[in-house]
Amino acid sequence: MKKYSEILLIAIIAALMCCCLAFFVSCSAGDESPDTGGTNVQEKNIDEADIVKLMSNGRLYCMQSDRMTITQTDENGGLTLLANIVLDRNIPLEMYVNGDKLIAICGLSDYFSEQGSTYYYKGSYSRCAVKIFDLSVLDEAEVTVFNEGAENESGESEGEVLSELPLLYSSVVSSDYLTSRLYLDRSDICLVFTDDGSVDSVYYTENSERKSIEYSFDVSSYQSNVSSSQSLTIFMKISLTKDELVADTVAYNGAALYTVYASDYGMYPIFTTYTYYESEGCGGYYQYIQNTIIIKMNPENLMPKRKLILEDAKLYSRYAMKDYGDYIYVAAHGSGGSTIYALDENLQEVSKISGIAQGESIRAVRYEQTETQRLCYLVTYRQVDPLFKINITDPMSMNIAGELKINGYSAYLHVVGTDRLVGIGYNGTATAANSDVKVTLFDTSSGDPIEINSLIIPLVYYCEVIENPKALMINLENGIIGFSALRYDRINSCYKQGFYLFALNNDEIVDLAYISNFDNGQAGSSAYNYSAFRKYINRAMYADGYLYTVADGLIRSYSLETLKNGEITIVNELSFIDNQANEGGGSGGNNFNE
């Protein structure tokens, strides 16, 4: 039974890793957006946790499998290592940079591998820790930091790379089968834990002082005839502005946390329950339908303000919700097809449009607001990909304004300009999707969306952006987007891993460059190559004319101008790989269709 729980936990962790976001409340200074560190966020004013942040001051923060690094970039694509903090028995999960504070979430594992396989054990931890570090030391005039091994003209060292940062606050939540997600606003952070073990076993340690947690709100009481659950979700709120850092905790019991949506107007934990019933007829058996419970949380005390129960309804992700302040929209699918709900600020249903694409499930949702209208783009899928354009401007008269059916489906949608939409998902035939990743540019100006053009990356083994939009690098000012992928090359019988960069304009999306940390992009004959994964590019960030690719053990910079000219030349690099197994370092070509 315990082994089954561990397998289930790993699946839960994998799903929730794609759902973490920050709660960023707009300040009274106006509509100035926060510095999101280059992360592709769902809401303009809501920061999200990630493993890489390139801040506006040029500092690049990275969480690798065994350390955290801070690197200073410059106007010439230079990379100067400021801090190299090796973590002992900590598994880095996600982070925020908020002013002069670095907020890191780590898993604490009793089964931590000291060798290069640590990446594959990120799900194996039983305790979660939040650590807040003081970054002001990096700004102190008397502190000199530089690239490791740098010397002055006389051959003497001028300083040292920081190996640790002042720790302002630490808290550890300990329980069986624990996962964590982090949420942040300008003054507080809210750390979310879910526990699938015994409710009574949960406690946390705040600055070495042990404190117990008792659940204070029963989610399942919102609905009768649902399955009971031992799931416990703990919200931890920590002030980042008070002199004394103290955490407040509230726990919700009785339903499984699915995801959390946050907007300028509220924070919405979303829970899942199931209603079981016995089928009719001879040899009847039990069936179930999935229900969704949406809570509008009070950010002051973390307790519920409002609730909504959607029976026979499933939200595919937090992107299915959109809060405009006056109305809140929710897209869900159930046995009767997909439904768009229009709610007021109290989560009371105003209207809905239902019965969309019966027998198909939602794969992607994106909302868009222009000067004259509000639109919801909805992708459903069974065998082909219907892209629906739904006018939600007037909640009382929502209607389907257009529809396009193409093979495969888009798993993520991004508005990239007036009447333009990019979809990233899987290609397919008239009967099924396949493993080819498809990037499509749509024209949404007329009634029915039109596919302008698309690019195919064949035989993709893993592409994080399909499940995690934060893995998308997008810079509309320069007309570039990109993401990393691991694919199989049939011609050379090997796996290739690298970053795909595309140029985007109003008329088409084109292949711009393929960047890899391996010679010819060849990562090896196995997707589980332990000696190679530290070179797998997992993020890329753009700033001041340069593209920075980040792997677990290697950071490199490239000039965007040379990339646009077809040249893939490394400007600078930092390596954290001690054992240079599987030497490489070259750049692959631009041909996807090998």
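On a predicted model such as this, the values are computed, not experimentally measured, just so you know. (Residues numbered from 1 in each chain as written. Predicted model: local features only at pLDDT ≥ 70, side-chain atom pairs only at ≥ 80, totals over all residues. Heavy atoms only, no water.)

Engineer: Please clarify how the overall build of the protein should be interpreted in this entry.
Structural biologist: If you tally the helices and strands in the protein, you get two helices and 41 strands. For the protein, the proportion of its 594 residues judged to be buried stands at 57%. When contacts within the protein are restricted to residue pairs at least 6 apart in sequence, long-range pairs at least 24 apart make up 54% of them. As displayed, the protein offers around 24,600 Å² of accessible surface, 44% of which is attributable to carbon and sulfur atoms. (Helix = DSSP H or I, 4+ residues; strand = E, 2+ residues; numbered from the N terminus. Buried < 20%, exposed > 50% of the residue type's maximum accessible area, 1.4 Å probe, protein only. Contact = heavy atoms within 4.5 Å. Areas by Shrake-Rupley, 256 points an atom, 1.4 Å probe, with all protein chains shown as cover.)

Engineer: What is the right way to look at unusual backbone geometry in this model?
Structural biologist: For residues besides glycine, phi is generally negative; the peptide bonds are generally trans as well. The phi torsion at D312 lies on the positive side, around 50°, for a residue other than glycine. Position of D312 relative to the elements: it lies in the loop between β19 (304-310) and β20 (321-323). Of note, the phi angle at D419 is positive, near 65°, even though the residue is not glycine. Overall, D419 belongs to the partly exposed group, its relative accessible area being 31%.

Engineer: Got a minute to help me understand the nonpolar core in this structure?
Structural biologist: Note that soluble globular proteins tend to have their nonpolar side chains buried in a common cluster. I294, I340, I424 and F483 are the most contacted members of the largest nonpolar core, which has 72 residues in total. Excluding anything up to four places from it in sequence, F483 contacts I424, V437, V439, I457, C463, V465, A471, L472, G498, F499, Y500 and F502. (Core = buried A, V, L, I, M, F, W, Y, C linked by side-chain atoms within 4.5 Å.)

Engineer: Sorry if this is basic, but what is going on with the pairing of strand β28 (residues 409-417) here?
Structural biologist: With respect to burial, β28 is a largely interior element, eight of its nine residues being buried. Inspection of the sheet shows β28 paired to strand β29 (residues 420-428) by seven bridges, in the antiparallel sense. Bridging from a neighbouring strand, L413 pairs with G423 of β29. Hairpin connection of β28 to β29: two residues between the antiparallel strands, including D419 at a positive phi of 65°. (Pairing = 2+ DSSP bridges.)

Engineer: Can you walk me through the sheet that holds strand β40 (residues 554-559) in this structure?
Structural biologist: Remark on secondary structure: sheet strands pair via backbone hydrogen bonds, oriented parallel or antiparallel. Ordered in space as β38-β39-β40-β41, the four strands form an open sheet in which the pairing is antiparallel. A single partner strand is all that each edge strand has here, and the edge strands are β38 (537-543) and β41 (570-575). Pairwise comparison of adjacent strand axes, ignoring direction, gives a mean angle of 15° for this sheet. Here strand β39 (residues 546-551) pairs with β40 via five bridges, running antiparallel. Residue pairing for β40: L547 is matched across the bridge by Y558. (Axes fitted to C-alpha atoms, helices over the stretch in contact; angles between N-to-C directions.)

Engineer: Would you take a moment to explain the sheet that holds strand β27 (residues 399-407) for this structure?
Structural biologist: Overall, antiparallel pairing links the four strands, which are arranged β24-β25-β26-β27 in an open sheet. The sheet is open, and its two borders are formed by β24 (361-369) and β27, each paired with just one other strand. Sheet twist, expressed as the mean angle between neighbouring strand axes with direction ignored, is 15°.

Engineer: What should I look at first to understand the packing of aromatic side chains in this one?
Structural biologist: One pair of aromatic rings is described through two measures. These are the centre distance and the angle between the planes. Per the stated rule, a full pass over the model turns up 13 aromatic pairs. Plain terms: the ring middles of Y319 and Y412 are 5.9 Å apart, the flat faces sit at 90° to each other, and that makes the pair edge-to-face. Here the residue Y319 occupies a position in the loop between β19 and β20, and Y412 occupies one in strand β28, the gap between them amounting to 93 residues. Neither residue differs from the other here; Y319 and Y412 are each classed as buried. A cation sits over an aromatic face here: R363 above Y409, 4.6 Å from the ring centre. Sitting over the ring of Y324, R374 keeps its end group 4.1 Å from the ring centre. (Phe/Tyr/Trp six-rings, centres within 6.5 Å; stacked < 30°, edge-to-face > 60°. Lys NZ or Arg CZ within 6 Å of the ring centre and 35° of its normal.)

Engineer: Looking at this structure, how should I read the pattern of salt bridges?
Structural biologist: A side chain with one charge can pair with a side chain of the opposite charge if their charged atoms come near. Within this structure, the stated rule accounts for 12 salt bridges. Of the charged contacts in the structure, one is a salt bridge between D443 and R420, with a shortest N-O distance of 3.1 Å. Here R420 lies in strand β29 and D443 lies in strand β30 (residues 433-443), a separation of 23 residues in the sequence. Judged by relative accessible area, which is 12%, R420 ranks as buried. (Salt bridge = Lys/Arg side-chain N within 4 Å of Asp/Glu carboxyl O.)

Engineer: Sorry if this is basic, but what is going on with the environment of F576 here?
Structural biologist: Checked against the element boundaries, F576 lands in the segment after β41. Beyond its immediate chain neighbours, meaning those up to four positions away, F576 contacts Q64, R67, T69, L81, N84, R534, G553, L554 and I555.

Engineer: So what exactly am I meant to see when it comes to the side chain of D436 here?
Structural biologist: With respect to the helices and strands, D436 occurs in strand β30. Although D436 is buried, it makes no salt bridge; R490 carries the closest opposite charge, 7.5 Å away. Beyond its immediate stretch of four places on either side in the chain, D436 contacts G425, Y426, N427, I456, I457, P458 and L459. (Lys, Arg positive; Asp, Glu negative; His and termini not counted.)

Engineer: Hey, could you run me through the confidence of the model for the protein in this one?
Structural biologist: It should be kept in mind that the predicted coordinates are not to be read in detail where pLDDT is low. When pLDDT is averaged along the protein, the result is 79, and 74% of the positions lie at 70 or above. Contacts from residues 146-157, a stretch scored under 50 in pLDDT, to residues over four places away or in other chains number 17 contacts. Within the model, pLDDT remains below 50 along residues 579-594, and this stretch shows 56 contacts once partners closer than five positions in the same chain are excluded. (pLDDT = per-residue confidence, 0-100.)

Engineer: Any chance you could explain a nonpolar patch on the surface here in plain terms?
Structural biologist: A cluster of nonpolar side chains, Y461, Y462 and Y528, forms an exposed patch at the surface whose accessible area comes to about 340 Å². With relative accessibility at 39%, the residue Y462 sits in the partly exposed group. (Patch = residues over 30% accessible without salt bridge, like charges linked within 9 Å, V, L, I, M, F, W, Y side chains within 5 Å.)

Engineer: I tried to follow the environment of N529 on my own but got confused; where do I start?
Structural biologist: For N529, the position within the fold is in the loop between β37 (522-524) and β38. Taking relative accessible area as the criterion, N529 reaches 16% and is therefore assigned buried. Separated by 34 residues in the primary sequence, N529 and Y495 have C-alpha atoms spaced 9.7 Å apart.

Engineer: What is the right way to read the environment of A430 from this model?
Structural biologist: Along the chain, A430 falls in the loop between β29 and β30. Classification of A430 as exposed rests on a relative accessible area of 52%. With 46 residues separating them in the primary sequence, A430 and V384 have C-alpha atoms 6.2 Å apart. Contacts of A430, omitting those with residues within four sequence positions, involve Q383, V384 and N407.

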